[in-house]
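Residues per chain, in single letters:
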Amino acid sequence: MAGMDIDGQLEESARRVQVRFVTKLKPPFKAPPTSIAIPSNLTRFGLSSIVNNLLKAGKDDWNPEPFDFLIDGELVRMSLEEFLLAKGISAEKILEIEYIRAVAPRKQEEPSLHDDWVSAVDGSNSKFVLTGCYDGLGRIWKAAGSCTHLLEGHSGAITSVCVVNPRVAQNGADQIVATASKDRTLRLWKFDADDSSDQIKRIRAFKILNGHSASVQSVAANNAGDMLCSGSWDCQIALWQANGSDTADVVSVKKRKKDAEEEDPQVEEEAKSTLVGHTQCVSSVVWPQDETIYSASWDHSIKRWDVEMGKDSLNLYCGKVINCLDIGGEGSTLIAAGGSDPILRIWDPRRPGTSAPVYQFSSHSSWISTCKWHEKSWFHLVSASYDGKVMLWDLRTAWPLAVIDTHKDKVLCADWWKSESVISGGADSNLCISSDVCVL
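Residues numbered from 1 in each chain as written. Predicted model: local features only at pLDDT ≥ 70, side-chain atom pairs only at ≥ 80, totals over all residues. Heavy atoms only, no water.

Draft legend 1. Local environment of the overall build of the protein chain. Looking only at helices and strands, the protein chain has two helices and 41 strands in total. A globule of 440 residues ought to have a C-alpha radius of gyration of about 22 Å, and the protein chain, at 25 Å, matches this closely. Seen through its C-alpha atoms, the protein chain measures out along the principal axes to roughly 85 × 55 × 35 Å. Carbon together with sulfur atoms contributes 48% to the accessible area of the protein chain, which is approximately 19,700 Å² in total. Between the mean site of the 47 positive side-chain charges and the mean site of the 59 negative ones, the protein chain shows a separation of 1 Å. (Helix = DSSP H or I, 4+ residues; strand = E, 2+ residues; numbered from the N terminus. Rg over C-alpha atoms; globule rule 2.2 N^0.38 Å. Areas by Shrake-Rupley, 256 points an atom, 1.4 Å probe, with all protein chains shown as cover. Lys, Arg positive; Asp, Glu negative; His and termini not counted. Charge placed at Lys NZ, Arg CZ, Asp CG, Glu CD.)

Draft legend 2. Seen up close, the side chain of Thr333. When you line up the elements, Thr333 lands in the loop between β31 (322–328) and β32 (334–339). At 2.8 Å, the side chain of Thr333 and the backbone oxygen of Glu330 are in polar contact. Not counting chain neighbours up to four residues away, the residues in contact with Thr333 comprise Ile327, Gly328, Trp347, Asp348, Pro349 and Arg350. (Polar contact = N/O pair within 3.5 Å; in protein donor to acceptor, adjacent residues only side chain to side chain. Contact = heavy atoms within 4.5 Å.)

Draft legend 3. Just the pairing of strand β20 (residues 227–232), in detail. Burial within β20 is extensive, with six of its six residues counted as buried. By the alternation rule, side chains of β20 split into Met227, Cys229 and Gly231 and Leu228, Ser230 and Ser232, which are all buried. Two elements, strand β19 (residues 216–221) and β20, share five bridges in a ladder whose sense is antiparallel. Among the inter-strand pairings, Ala220 is bridged to a residue of β20, identified as Cys229. Hairpin connection from β19 to β20: five residues lie between these consecutive antiparallel strands, with Gly225 at a positive phi of about 75°. Taken together, the five bridges between β20 and strand β21 (residues 236–241) define a ladder with antiparallel strand orientation. Bridge pairing in β21 links Gly231 to Ile237. Counting the residues between successive antiparallel strands, the hairpin from β20 to β21 contains three residues, one of them, Cys235, with a positive phi of roughly 75°. (Buried < 20%, exposed > 50% of the residue type's maximum accessible area, 1.4 Å probe, protein only. Pairing = 2+ DSSP bridges.)

Draft legend 4. Structural context of the pairing of strand β13 (residues 146–152). In terms of burial, β13 is a largely internal element, five of the seven residues being buried. One ladder, built from five bridges, connects strand β12 (residues 138–143) with β13; its direction is antiparallel. The residue of β13 that forms the bridge with Ala143 is Ser146. The antiparallel pairing of β12 with β13 creates a hairpin that spans two residues between the two strands, and Gly145 there sits at a positive phi of about 80°.

Draft legend 5. Broad picture of the confidence of the model for the protein chain. Scored by pLDDT, the protein chain comes out at a mean of 90, with 90% of its residues at no less than 70. For the stretch residues 1–12, pLDDT sits under 50, and the model shows 19 contacts to residues farther than four places along the chain or on other chains. Predicted confidence for residues 245–262 stays below pLDDT 50, and this span has 32 contacts to residues more than four positions away or in other chains. (pLDDT = per-residue confidence, 0-100.)

Draft legend 6. Quick look at the packing of aromatic side chains. Applying the stated rule across the entire model yields eleven aromatic pairs. Ring pairing ties together the aromatic residues Phe21, Phe29, Trp62, Phe67, Phe69 and Tyr99, which thus form one cluster. Here the basic side chain of Arg396 rests over the ring of Phe379, its NZ or CZ set 3.9 Å away from the ring centre. (Phe/Tyr/Trp six-rings, centres within 6.5 Å; stacked < 30°, edge-to-face > 60°. Lys NZ or Arg CZ within 6 Å of the ring centre and 35° of its normal.)

Draft legend 7. The pattern of salt bridges, seen in detail. Under the counting rule described, the total for this entry stands at 19 salt bridges. Close ionic contact of Glu98 with Lys24 constitutes a salt bridge, the shortest N to O distance being 3.2 Å. Placement of the pair is Glu98 in strand β7 (residues 95–101) and Lys24 in the loop between β3 (16–22) and β4 (36–39), with a sequence separation of 74 residues. We note a salt bridge from Arg106 to Glu65, for which the minimum N-O separation is 2.7 Å. With Arg106 in the loop between β7 and β8 (107–108) and Glu65 in the loop between α1 (44–56) and β5 (67–71), the pair connects residues that are 41 residues apart, well separated along the chain. According to the relative accessible area criterion, Arg106 is partly exposed, its value standing at 28%. Three or more residues are tied together by salt bridges with common partners; here these are Glu330, Asp348, Arg350 and Arg351. (Salt bridge = Lys/Arg side-chain N within 4 Å of Asp/Glu carboxyl O.)

Draft legend 8. Expanded view of the nonpolar core. Within the largest apolar cluster, 26 residues are counted, with the highest numbers of intra-cluster contacts made by Phe21, Ile38, Phe69 and Tyr99. Secondary-structure elements contributing two or more residues to this core are β3, β4, α1, β5, α2 (80–87) and β7. If one sorts the elements of this core by residue count, α1 sits on top with four residues. The residues touching Phe69, leaving out its near neighbours within four places in the chain, are Phe21, Arg44, Leu47, Ser48, Val51, Glu74, Leu75, Val76, Ile97, Glu98 and Tyr99. Counting residues in each nonpolar core, the second largest holds 17 residues, with Val390, Val411, Val422 and Val439 among its members. (Core = buried A, V, L, I, M, F, W, Y, C linked by side-chain atoms within 4.5 Å.)

Right under this line is the structure:
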């Protein structure tokens with residue numbers, strides 16, 4: 001016997017279950033808490049349609065909103081019936097289903113074209129996006145298509161970029177960023193993040209960091225913003241001072257004449273110390289706590305370093321070249337990494353027998369170039385791959401929440417921006433901004 005579902009559509013005979021939709025969302029996203037009978041063969045799209053019908057009752061101007069659904073804290077990624085069966089949940093009692101706004105971009109900005117591959121991106125400051133490019137230039141963008149500053153000086157491709165001290169309230173005029181390059185150097189730049197001029201400003205570095213003997217692959221700053229660390233093809237991690245100079249370490253001071261005016265001096269500085277232990281390229285470094293640096297390498301290992309002691313306190317091996325690394329999730333302790341296969345792996349170093357990943361996500365079809373945790377969520381992270389796709393993940397399900405395929409070639413870098421946008425750069429020479437991603 002066919003029945004009518006909540007949409008008023010004819011529904012094939014299906015077992016029906018009593019459900020109550022609940023949410024932590026604020027009005028106008030709160031549905032009535034009454035229980036209703038729905039077909040058990042509905043997937044999240046059908047559930048989303050039901051919730052939208054409940055929400056639009058009495059509202060003429062309601063715009064349908066995509067939702068995701070949690071049962072007992074786990075995201076539903078199959079039909080209700082299949083989910084209940086797989087989890088051994090009884091359908092005899094009223095089932096409580098929590099709904100949240102779907103984590104997927106609702107808007108794609110116009111791509112911002114560069115002159116070569118976009119190899120690095122940092123969105124940790126809400127005022128701007130920092131990019132690094134294979135043309136050797138860094139760029140500051142205040143919005144899609146709106147470049148405000150060009151960072152000139154590297155003689156090779158930029159491989160990594162980093163906003164220094166992004167979370168500390170400061171005068172926008174003193175914003176510092178760092179770039180790493182195949183020219184074996186890092187550079188520090190200072191600019192006014194509040195500058196509203198329409199003219200693109202060309203700036204040169206106030207400090208050049210010399211010491212690596214091969215291409216520098218990654219740069220990261222500590223939370224205080226006074227130190228940097230970098231990883232290189234020379235297999236070493238170098239630690240640098242990010243702010244004022246200690247004259248003992250100043251190698252040379254250069255001045256340049258321009259239109260008969262003398263520019264500010266450009267300081268060259270050597271590393272404060274180095275961390276040695278990797279046997280191949282150090283592809284990624286992060287500095288989440290002042291006393292702890294994490295590194296990933298082409299030698300298949302991830303290391304956690306005690307900065308003060310200069311020794312590694314954790315070694316993880318995954319059997320693959322590792323390209324990218326990030327620390328986040330619950331307690332900012334989970335280690336996410338990707339490399340020379342399509343699998344995004346996550347470890348929890350707090351667990352005994354840490355060598356095995358606690359999560360493995362395998363929806364990409366090529367090498368993973370970037371992974372980045374959402375700063376304010378325990379569950380969400382973004383990954384990018386040479387397969388041309390950016391994927392959004394939630395630890396509560398094995399399938400990606402969203403697949404962003406705005407790039408026409410390999411995606412080389414990605415990050416979050418303003419908590420609700422995903423930014424990415426690739427071999428198509430574009431910076432892409434996917435916005436209105438409702439994570440929180």
